[in-house]
Amino acid sequence: MTILLLYMGEEDAFWTLVALLKGAVHAPLEGIYSEGLPLLAKCLHQFEGLLRAQLPDLGEHLTEENIIPTMYCSQWFITVFATTLPFDCLLRIWDIFLLEGMKIVFRVGLELLRCERPDLMPLRFEKLVQALGARRKEVPRTHRSIDSFIKRALSVSVTARLTMLGEHYDAIKSP
């Protein structure tokens, strides 16, 4: 909401948030914030599946250290990186978020982990939790610029696997 308030009046920001939550353009996001966080649980399941497919060694390392997505990427989905990435990068991600919806959160999250993978692999539980939850002051050093970080994130193909993982989640959650 803060991002919206920076560029809109209070009423416009409110109605933009309502449109996002109710799904005026993309899939509704209200399940991210409603009781029990049902959409967040689904997103975390999907993210874990994407992580295992795209970065299997890191996914395995996190599992061995008893790190689950809830511990590090809930905030990514709830705030669309507002508490994670530098402001200039955040603005670009929010532009894409408004254009294409939650898919950008998966893409940026995967790219962030891909970039930080070499630093994360040797860490154990406590240091992993700290590193994964840290606020980044700049884009990962493996990228020269925000542009290269975002281009790489956008090149990650997630649509088909997201659909499959979403259907899998729905199947295991339905009675």
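Look up: the structure comes first, before these words.
Residues numbered from 1 in each chain as written. Predicted model: local features only at pLDDT ≥ 70, side-chain atom pairs only at ≥ 80, totals over all residues. Heavy atoms only, no water.

1. Concerning the pattern of salt bridges
Logical step 1: Counted under the stated rule, the structure contains 10 salt bridges.
Logical step 2: The closest approach of N and O atoms between arginine 124 and glutamate 65, which form a salt bridge, is 3.1 Å. In this pair, arginine 124 sits in the loop between helix 9 (103-120) and helix 10 (125-133) while glutamate 65 sits in the loop between helix 5 (56-64) and helix 6 (69-72), placing the two residues 59 residues apart along the sequence.
Logical step 3: On the basis of relative accessibility, which here comes to 14%, the residue glutamate 65 falls in the buried class. (Salt bridge = Lys/Arg side-chain N within 4 Å of Asp/Glu carboxyl O. Helix = DSSP H or I, 4+ residues; strand = E, 2+ residues; numbered from the N terminus. Buried < 20%, exposed > 50% of the residue type's maximum accessible area, 1.4 Å probe, protein only.)

2. Side note on the environment of alanine 131
Logical step 1: Here alanine 131 shows up in helix 10.
Logical step 2: A relative accessible area of 25% places alanine 131 in the partly exposed class.
Logical step 3: Sequence separation between alanine 131 and serine 174 is 43 residues; the distance between their C-alpha atoms is 35 Å.

3. A word on a nonpolar patch on the surface
Logical step 1: A cluster of nonpolar residues, Leu6, Tyr7 and Phe87, forms a patch on the protein surface that exposes about 340 Å² of accessible area.
Logical step 2: Mapped onto the fold, tyrosine 7 is located in helix 1 (residues 2-7).
Logical step 3: For tyrosine 7, a relative accessible area of 56% corresponds to the exposed category. (Patch = residues over 30% accessible without salt bridge, like charges linked within 9 Å, V, L, I, M, F, W, Y side chains within 5 Å. Areas by Shrake-Rupley, 256 points an atom, 1.4 Å probe, with all protein chains shown as cover.)

4. Here we look at unusual backbone geometry
Logical step 1: Even without being glycine, valine 80 reaches a positive phi, approximately 50°.
Logical step 2: As for its placement among the helices and strands, valine 80 is situated in the loop between helix 7 (74-79) and helix 8 (87-100).
Logical step 3: Note on valine 80: relative accessible area 3%, which makes it buried.

5. Quick notes on the nonpolar core
Logical step 1: Grouped together as the largest cluster of nonpolar side chains are 47 residues, with contacts concentrated most on Phe47, Tyr72, Trp76, Phe77, Phe81, Ile93 and Leu113.
Logical step 2: Tallying contributions element by element places helix 9 first for this core, with 8 residues.
Logical step 3: With residues up to four places along the chain from it excluded, the contact list for tryptophan 76 reads Phe47, Phe81, Thr84, Val105, Gly109, Leu112, Leu113 and Leu132. (Core = buried A, V, L, I, M, F, W, Y, C linked by side-chain atoms within 4.5 Å. Contact = heavy atoms within 4.5 Å.)

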